[in-house]
Amino acid sequence: MGDNAQSAMLDILKRLQAGQSDQRKRLERIEELARKQRRDSAGMLVMMRATAGDFDERVNEVEERAAALEARQG
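Treat the numbers as computed from the prediction; the structure is a model and nothing was measured.

## Some words on the overall build of the chain
Working step 1: Assigned secondary structure in the chain consists of one helix and zero strands.
Working step 2: Against the compact-globule benchmark of 11 Å for 74 residues, the chain has a radius of gyration of 32 Å, which places it well outside the compact range.
Working step 3: Each principal axis of the C-alpha distribution contributes one length, and for the chain these read about 105 × 15 × 5 Å.
Working step 4: The buried share of the chain, reckoned over its 74 residues, is 0%.
Working step 5: Just so you have it, the chain exposes about 7300 Å², and 56% of that area is on carbon and sulfur atoms.

Here's what the structure looks like:
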């Protein structure tokens with residue numbers, strides 16, 4: 001009975017160790033994915049700011065033209 005208990009205990013410990021290794025690998029993959037998503041998000045934010053800046057410039061140009069036309073008419 002002592003051998004069976006010891007054998008069972010070793011099997012349990014091996015399974016725990018394997019499970020821990022799997023969890024570590026999963027965590028590493030999740031961390032890698034999170035880093036990639038942060039980089040992608042930062043890139044999208046830069047593009048959005050550039051687009052918003054370009055849009056603001058165009059709107060300002062239209063407003064200036066409208067003001068110039070109103071000044072000519074008035």
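## Looking at a nonpolar patch on the surface
Working step 1: A surface patch of nonpolar side chains, amounting to about 520 Å² of accessible area, comprises Met-9, Leu-10, Ile-12, Leu-13 and Leu-16.
Working step 2: With respect to the secondary-structure elements, Ile-12 resides in helix 1 (residues 2-73).

## Things to note about the pattern of salt bridges
Working step 1: Within the structure shown, the criterion is met by two salt bridges.
Working step 2: With a shortest N-O distance of 3.1 Å, Asp-40 and Lys-36 are connected by a salt bridge. Of this pair, Asp-40 and Lys-36 both sit in helix 1, four residues apart, which is roughly one turn of the helix.
Working step 3: With a relative accessible area of 38%, Asp-40 lands in the partly exposed category.

## Let's talk about a negative patch on the surface
Working step 1: A cluster of acidic side chains, namely Asp-56, Glu-57, Glu-61, Glu-63 and Glu-64, defines a negative patch on the protein surface.
Working step 2: With respect to the helices and strands, the residue Glu-63 is situated in helix 1.

Conventions we followed
Residues numbered from 1 in each chain as written. Predicted model: local features only at pLDDT ≥ 70, side-chain atom pairs only at ≥ 80, totals over all residues. Heavy atoms only, no water. Helix = DSSP H or I, 4+ residues; strand = E, 2+ residues; numbered from the N terminus. Rg over C-alpha atoms; globule rule 2.2 N^0.38 Å. Buried < 20%, exposed > 50% of the residue type's maximum accessible area, 1.4 Å probe, protein only. Areas by Shrake-Rupley, 256 points an atom, 1.4 Å probe, with all protein chains shown as cover. Patch = residues over 30% accessible without salt bridge, like charges linked within 9 Å, V, L, I, M, F, W, Y side chains within 5 Å. Salt bridge = Lys/Arg side-chain N within 4 Å of Asp/Glu carboxyl O. Lys, Arg positive; Asp, Glu negative; His and termini not counted. Charge placed at Lys NZ, Arg CZ, Asp CG, Glu CD.

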